[in-house]
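# What the coordinates show
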Amino acid sequence: MPARTFGNAVVLGSGMAGLVAARVLADHFKQVTIVERDAEPDAGFRPGLPQGRHFHALLPGGLQILSELLPGVTDELQAAGSLLPKPSQFYFYRPEGKSFAIGFDMPEPPPDTGQRLVYVQTRGLLENCVRVRVRALENVEMR
């Protein structure tokens with residue numbers, strides 16, 4: 001961990017962007033304060049997040065970054081109820097039709113190697129798992 005060379009940082013909002021920003025800043029600042037207008041939710045759903053109960057997919061890039069910043073978070077997501085779909089169970093609709101890739105047309109699912117690269121859960125569940133980990137950092141406080 002790099003030396004904490006700066007004094008205080010303030011992050012406005014405890015959504016995913018705010019939580020991840022606070023986690024990164026915690027490595028470089030002596031104190032990080034997250035200011036959130038909503039009361040901290042019991043089950044992860046904040047009133048200021050209207051799409052909080054919708055499903056959210058954590059794709060490979062985001063999953064890799066969260067795993068590097070918060071080792072063990074994937075185990076916590078699974079324990080909390082995240083689903084890990086098979087490659088044939090997660091797809092998109094593109095102008096060409098059903099596709100198993102978002103960036104290009106892939107009409108057939110990739111082979112199932114057993115590795116699960118997409119986590120599916122509500123936004124509230126995802127935020128709650130990340131919030132608990134970030135709040136536990138010694139130099140982060142939430143207001």
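So, here's what we can say about the structure. Only a predicted model underlies this, so the values are computations on that prediction, with no experimental measurement involved.

What follows is about helix H4 (residues 123–135). Its 13 residues give H4 an end-to-end C-alpha distance of 18 Å, which sits within 8% of 18 Å, the value for a rise of 1.5 Å per residue. Most of H4 sits out of view: 10 of its 13 residues are buried. Three or more residues of H4 are buried, namely Arg123, Gly124, Leu125, Leu126, Glu127, Cys129, Val130, Arg131, Arg133 and Val134.

With that settled, consider the packing of aromatic side chains. Scanning the entire structure with this criterion turns up 4 aromatic pairs. Between Tyr91 and Tyr93, the aromatic rings sit 5.8 Å apart at their centres with planes inclined by 90°, giving edge-to-face as the arrangement. Pairwise contacts between aromatic rings join Tyr91, Tyr93 and Phe100 into one cluster. Positioned above the aromatic ring of Tyr91, the side-chain terminus of Lys98 is 4.1 Å from the ring centre.

Another aspect to go through is helix H2 (residues 60–69). Note: α-helices contain 3.6 residues per turn, so residues at a spacing of three or four share the same orientation. Looking at H2, one finds that the buried residues are Leu63, Leu66 and Leu69. Looking down the long axis of H2, one finds its buried residues gathered within 135° of arc, a one-sided arrangement. In this structure, the buried side of H2 is in contact with helix H1 (16–25), strand E3 (55–58), helix H3 (73–80), strand E6 (119–122) and H4.

So, how was this worked out
- Residues numbered from 1 in each chain as written.
- Predicted model: local features only at pLDDT ≥ 70, side-chain atom pairs only at ≥ 80, totals over all residues.
- Heavy atoms only, no water.
- Helix = DSSP H or I, 4+ residues; strand = E, 2+ residues; numbered from the N terminus.
- Expected span 1.5 Å × (residues − 1).
- Buried < 20%, exposed > 50% of the residue type's maximum accessible area, 1.4 Å probe, protein only.
- Phe/Tyr/Trp six-rings, centres within 6.5 Å; stacked < 30°, edge-to-face > 60°.
- Lys NZ or Arg CZ within 6 Å of the ring centre and 35° of its normal.
- Arc of directions from axis to C-beta.
- Contact = heavy atoms within 4.5 Å.

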